[in-house]
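This is what each chain is made of:
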Amino acid sequence: MPLRDTLARVDADLAAGRVPVARQRLRGLVSSFPNDLMLRRRLAEVYRLYGDPAEAGRWMYLEHDRDAAESAAFEARYPTPAHRMRALAWQGSETGAPTPFAREQLTAVRVACSDVMGHDVDWDTVPAAGIPDSGGGSLPGCLAGAGCLVMILANLAIWVNGLIALFR
């Protein structure tokens, strides 16, 4: 469906009070056109209807007339540069941003993420976490891995025991 038709449906959904449907349509449009600031602005407006300043701030983060409280709520919800990069869902280089302010914002987030990660990152390969991999695991992760290993070994022992009993 063409962009213009989908936006017309968004307008009809909002006029009919179907805010969740309008939000879903706009999320799909932003996913399809991630570098369109007008779509991001429209999505922010819908999140304001929900009373969600963090999401409104997320989608207005690249606009010069953004609300400072919404931007702060976005930054609090997505505390690391990597989380912000993933949340902003930009594609391609920030040089493709339509406004100088958007380019500055995107560059600042990407450079901050590169600093934290210890290597250059770009918008097409956004890191999954905000902390560089230290090579070591956390205690809960190690315990979970050990528990899985114990379960696998127990199942293997039961299977081998059953196989031996079958041929006796």
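Shown above is the structure to which this text applies.
The structure presented is a predicted model; accordingly, all values stated were derived computationally and were not measured.

Conventions and cut-offs
Residues numbered from 1 in each chain as written. Predicted model: local features only at pLDDT ≥ 70, side-chain atom pairs only at ≥ 80, totals over all residues. Heavy atoms only, no water. Axes fitted to C-alpha atoms, helices over the stretch in contact; angles between N-to-C directions. Helix = DSSP H or I, 4+ residues; strand = E, 2+ residues; numbered from the N terminus. Parallel < 35°, antiparallel > 145°, perpendicular 65-115°, else oblique. Left-handed = near helix turned anticlockwise from the far one by under 90°. Contact = heavy atoms within 4.5 Å. Nonpolar A, V, L, I, M, F, W, Y, C, P; charged D, E, K, R; others polar. Salt bridge = Lys/Arg side-chain N within 4 Å of Asp/Glu carboxyl O. Buried < 20%, exposed > 50% of the residue type's maximum accessible area, 1.4 Å probe, protein only. Phe/Tyr/Trp six-rings, centres within 6.5 Å; stacked < 30°, edge-to-face > 60°. Lys NZ or Arg CZ within 6 Å of the ring centre and 35° of its normal. Polar contact = N/O pair within 3.5 Å; in protein donor to acceptor, adjacent residues only side chain to side chain. Core = buried A, V, L, I, M, F, W, Y, C linked by side-chain atoms within 4.5 Å.

1. Concerning the packing of helix 1 (residues 3-15) against helix 2 (residues 19-32)
Phase 1 of the analysis: Where helix 1 meets helix 2, the axes come as close as 8 Å, and the angle between the chain directions of the two elements is 160°. By the angle between their directions, the pair helix 1 and helix 2 is classed as roughly antiparallel. Of the two possible hands of crossing, helix 1 and helix 2 adopt the one that is left-handed. Seen from helix 1, the contacting residues are L3, T6, L7, R9, V10, D13 and L14; seen from helix 2, they are V19, V21, A22, R25, L26 and L29.
Phase 2 of the analysis: Counted by class, the contact of helix 1 with helix 2 contains nine nonpolar, one polar and three charged residues.

2. Examining the pattern of salt bridges
Phase 1 of the analysis: All chains considered together, the criterion is met by ten salt bridges.
Phase 2 of the analysis: Put simply, D65 and R41 hold a salt bridge, and the shortest N to O gap is 2.8 Å. Taken together, the residues span a long stretch of sequence, with D65 in the loop between helix 4 (53-60) and helix 5 (68-77) and R41 in helix 3 (residues 37-50) at a distance of 24 residues.

3. Section: helix 4
Phase 1 of the analysis: Among the eight residues in helix 4, seven count as buried, and that is most of the element.
Phase 2 of the analysis: The set of residues buried in helix 4 consists of A54, E55, A56, G57, R58, W59 and M60.
Phase 3 of the analysis: Tucked into the core, helix 4 has its buried residues touching helix 2, helix 3, helix 5 and helix 6 (81-88).

4. A short note on the packing of aromatic side chains
Phase 1 of the analysis: Scanning all chains against the criterion turns up three aromatic pairs.
Phase 2 of the analysis: Through a chain of ring-to-ring contacts, the aromatic side chains of Y61, F74 and Y78 assemble into a single cluster.
Phase 3 of the analysis: Seen from the ring of Y61, R66 lies directly overhead, with NZ or CZ sitting 4.7 Å from the centre.

5. Side note on the side chain of R58
Phase 1 of the analysis: When you line up the elements, R58 lands in helix 4.
Phase 2 of the analysis: Exposure remark for R58: the relative accessible area of 10% places this residue in the buried category.
Phase 3 of the analysis: Of note is the side chain of R58, whose polar atom sits 2.7 Å from the backbone oxygen of A87.
Phase 4 of the analysis: Leaving out residues up to four positions away in the same chain, R58 has contacts with R27, F74, Y78, A87 and L88.

6. Some points on the nonpolar core
Phase 1 of the analysis: Core analysis: the biggest nonpolar cluster contains 18 residues, and L62, W90 and W123 have the highest contact counts within it.
Phase 2 of the analysis: Elements represented by at least two residues in this core include exactly helix 6 and helix 7 (100-117).
Phase 3 of the analysis: Looking at this core element by element, the count peaks at five residues for helix 7.
Phase 4 of the analysis: Excluding anything up to four places from it in sequence, L62 contacts L37, R40, W90, T99, F101, A102, Q105 and L106.
Phase 5 of the analysis: Judged by nonpolar contacts, the second largest core, of 15 residues, contains V19, L26, L29 and L43.

Honestly, that's just the spatial picture; any functional story needs more than this.
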